[in-house]
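# Geometric and topological summary
Chain by chain, the residues run as shown.
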Amino acid sequence: MPLVVPGINSAPGPNQEEWLHKLAGKKITESDSDVTSFAKKDLPEGHRVIKPGDAVTMDFRPERMNVHVDDEGIVQHVSFA
């Protein structure tokens with residue numbers, strides 16, 4: 001019988017969708033947020049920005065927001081884990 005863990009295989013929650021809407025296509029920067037960028041300081045506590053090829057831990061933390069960016073730092077995807 002397979003192990004069932006609530007929330008791991010479920011559909012994205014509204015919080016994830018909201019963040020993706022705010023961040024998709026924007027560059028993550030150290031400065032202030034504007035039309036084409038989003039400031040790191042405005043992301044939730046405990047976030048991490050993940051670039052292609054970055055090593056990341058595989059521990060499950062549903063409150064941690066993962067911001068996946070491309071080589072130019074443009075947000076492609078957001079997940080919580």
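Check the entry above for the structure.
Residues numbered from 1 in each chain as written. Predicted model: local features only at pLDDT ≥ 70, side-chain atom pairs only at ≥ 80, totals over all residues. Heavy atoms only, no water.

Within the structure shown, the criterion is met by four salt bridges. Of the charged contacts in the structure, one is a salt bridge between Lys40 and Glu30, with a shortest N-O distance of 3.2 Å. One end of the pair, Lys40, is in the loop between strand S2 (37–39) and strand S3 (48–50); the other, Glu30, is in the loop between strand S1 (27–29) and S2, with 10 residues separating them in the sequence. A salt bridge links Lys41 to Asp32; its shortest N-O distance comes to 3.1 Å. Owing to a relative accessible area of 59%, Lys41 belongs among the exposed residues under this scheme. With relative accessibility at 51%, the residue Asp32 sits in the exposed group. (Salt bridge = Lys/Arg side-chain N within 4 Å of Asp/Glu carboxyl O. Helix = DSSP H or I, 4+ residues; strand = E, 2+ residues; numbered from the N terminus. Buried < 20%, exposed > 50% of the residue type's maximum accessible area, 1.4 Å probe, protein only.)

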